[in-house]
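As a plain string of letters, each chain reads:
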Amino acid sequence: MGEQATDAPGDLTAAALAAALDALGDPDDASFLQRFFKTGPGEYGEGDVFIGVRVPATRRVVKRFERMPLGEAFALLESPVHEHRLAALLVMVARFRRAGRVRTFDDRARRETHLAYLAAVRAGRVDNWDLVDASAEALVGEAVRAGVADGGDGVGLLDGLAASDSLWQRRVAVIATLAWIKAGDARPTLQLAEALLDDREDLMHKAVGWMLREVGARVDRATLVAFLDAHAARMPRTMLSYATEHLAPEERARLRALR
């Protein structure tokens, strides 16, 4: 893990970051967020706890804690409070990307951060869609592309996450492919999209459809349309709707008719 939680300098501790967020909590926002993130019995976010801090405010607080030790961020991921865990992930993303810059380059720090993130994902601490979406691109996708990921080339890592029984691990795998999309490479996204066509979770239909839409917008529209021509007939309705969102109305109608 590298740094230990007790080594944090000054106020760059998990407790200090949690306290800074707690001070901004709003009961009305907390009630809204509890509903929005489906925390009721049987829902995907069952049992999650919110204190009512919106994302822009969380990001402003995190700016003051971006250099906190990795061990402190990892410790904060054990919090039952959703905003605490989001803040911890944002700290980890900032640490990872800082370690990839020329002046602060540190491959060891990038690998440590990636491995700590994977441990948290597998322990069930990255357990809602916004937590995944704020972290997977950098801490899995960029890590694999940088050659610092678990498993070397990362192919087995993405496949393993995509094959997991955990909805959140599967979503991590898909959202991680945004790192390839931004580099002009649609292959990992298309491979996982094909493997996940029969996924039964609506949140996965949205994630896969979103990444396919990004392939069309950022890589090549013809590549997207070719994939949809081959697979639209068995794609879940939500996945196809997300994937075709930026296509012309007549193209969308044609593809939807294939179902």
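Keep in mind it's a predicted model, so treat the numbers as computed, not measured.

Concerning unusual backbone geometry
Of note in the backbone geometry, Lys38 takes a positive phi value of approximately 55° without being a glycine. The residue Lys38 is located in the loop between α2 (27–36) and α3 (55–63) in this model.

Focus: the packing of aromatic side chains
A complete count under the given rule lists 6 aromatic pairs for this structure. Ring geometry for Phe36 against Phe37: centres 5.0 Å apart, planes inclined by 85°, an arrangement best described as edge-to-face. The class of Phe37 is buried, set by a relative accessible area of 6%. Centre to centre, the rings of Phe37 and Phe50 are 5.2 Å apart; their planes meet at 15°, and the pair counts as stacked. Taken as a pair, Phe37 in the loop between α2 and α3 and Phe50 in the loop between α2 and α3 lie far apart in primary sequence, 13 residues in all.

Looking at the nonpolar core
Residues Leu17, Met92, Tyr117, Val140, Leu212 and Leu228 are the most contacted members of the largest nonpolar core, which totals 81 residues. Residue contributions to this core peak at 9 residues, all from helix α5 (residues 82–98).

Some points on the side chain of Thr39
Topologically, Thr39 is positioned in the loop between α2 and α3. What Thr39 contacts, discounting residues up to four positions off in sequence, is Gln34, Gly45, Glu46, Gly47, Asp48 and Phe50.

Examining the environment of Ala18
If you trace the backbone, Ala18 turns up in helix α1 (residues 14–22). Classification of Ala18 by relative accessible area gives buried; the value is 11%. Taking the C-alpha atoms as reference, Ala18 lies 9.8 Å from Val61; in sequence the two are 43 residues apart. Ignoring any residue separated from it by four or fewer positions in sequence, one finds Ala18 in contact with Leu76 and His84.

A look at the environment of Val208
The residue Val208 is located in helix α13 (residues 202–219) in this model. For Val208, a relative accessible area of 2% corresponds to the buried category. Separated by 30 residues in sequence, Val208 and Thr238 place their C-alpha atoms 9.6 Å apart. Setting aside residues no more than four positions away along its own chain, Val208 makes contact with Val174, Ala193, Leu196 and Met239.

Thoughts on the pattern of salt bridges
One pass over the structure, following the stated rule, counts 19 salt bridges. The salt bridge partner of Arg95 is Glu112, with a shortest N-O separation of 3.6 Å. In this pair, Arg95 is assigned in helix α5 and Glu112 in helix α6 (residues 107–122), connecting sequence segments 17 residues apart. The partner of Arg221 in a salt bridge is Glu251, with the nearest N and O atoms 2.9 Å apart. Residue Arg221 is located in helix α14 (residues 221–231), and its partner Glu251 is located in helix α16 (residues 249–257); the two are separated by 30 residues in the primary sequence. Its relative accessible area of 15% is what places Glu251 among the buried residues.

As for the packing of α3 against α5
At a minimum axis separation of 10 Å, α3 and α5 run at an interaxial angle of 50°. As summarised for this structure, α3 and α5 are arranged oblique, according to the angle between their axes. As for how α3 packs across α5, the hand of that crossing is right-handed. Contact residues: α3 offers Val55, Thr58, Arg59 and Val62, while α5 offers Glu83, Leu86, Ala87, Leu90 and Val91. A class-by-class count of the residues in the contact of α3 with α5 yields 6 nonpolar, 1 polar and 2 charged.

Some thoughts on the packing of α13 against α14
Remark: α13 packs on α14, axes separated minimally by 6 Å, with the N-to-C direction vectors making an angle of 140°. Classed by the angle they form, the pair α13 and α14 counts as oblique. On α14, the residues touching Leu212, Val215 and Gly216 of α13 are Arg221, Thr223, Leu224 and Phe227. Split into classes, the residues belonging to the contact of α13 with α14 amount to 4 nonpolar, 2 polar and 1 charged.

Calculation rules
- Residues numbered from 1 in each chain as written.
- Predicted model: local features only at pLDDT ≥ 70, side-chain atom pairs only at ≥ 80, totals over all residues.
- Heavy atoms only, no water.
- Helix = DSSP H or I, 4+ residues; strand = E, 2+ residues; numbered from the N terminus.
- Phe/Tyr/Trp six-rings, centres within 6.5 Å; stacked < 30°, edge-to-face > 60°.
- Buried < 20%, exposed > 50% of the residue type's maximum accessible area, 1.4 Å probe, protein only.
- Core = buried A, V, L, I, M, F, W, Y, C linked by side-chain atoms within 4.5 Å.
- Contact = heavy atoms within 4.5 Å.
- Salt bridge = Lys/Arg side-chain N within 4 Å of Asp/Glu carboxyl O.
- Axes fitted to C-alpha atoms, helices over the stretch in contact; angles between N-to-C directions.
- Parallel < 35°, antiparallel > 145°, perpendicular 65-115°, else oblique.
- Left-handed = near helix turned anticlockwise from the far one by under 90°.
- Nonpolar A, V, L, I, M, F, W, Y, C, P; charged D, E, K, R; others polar.

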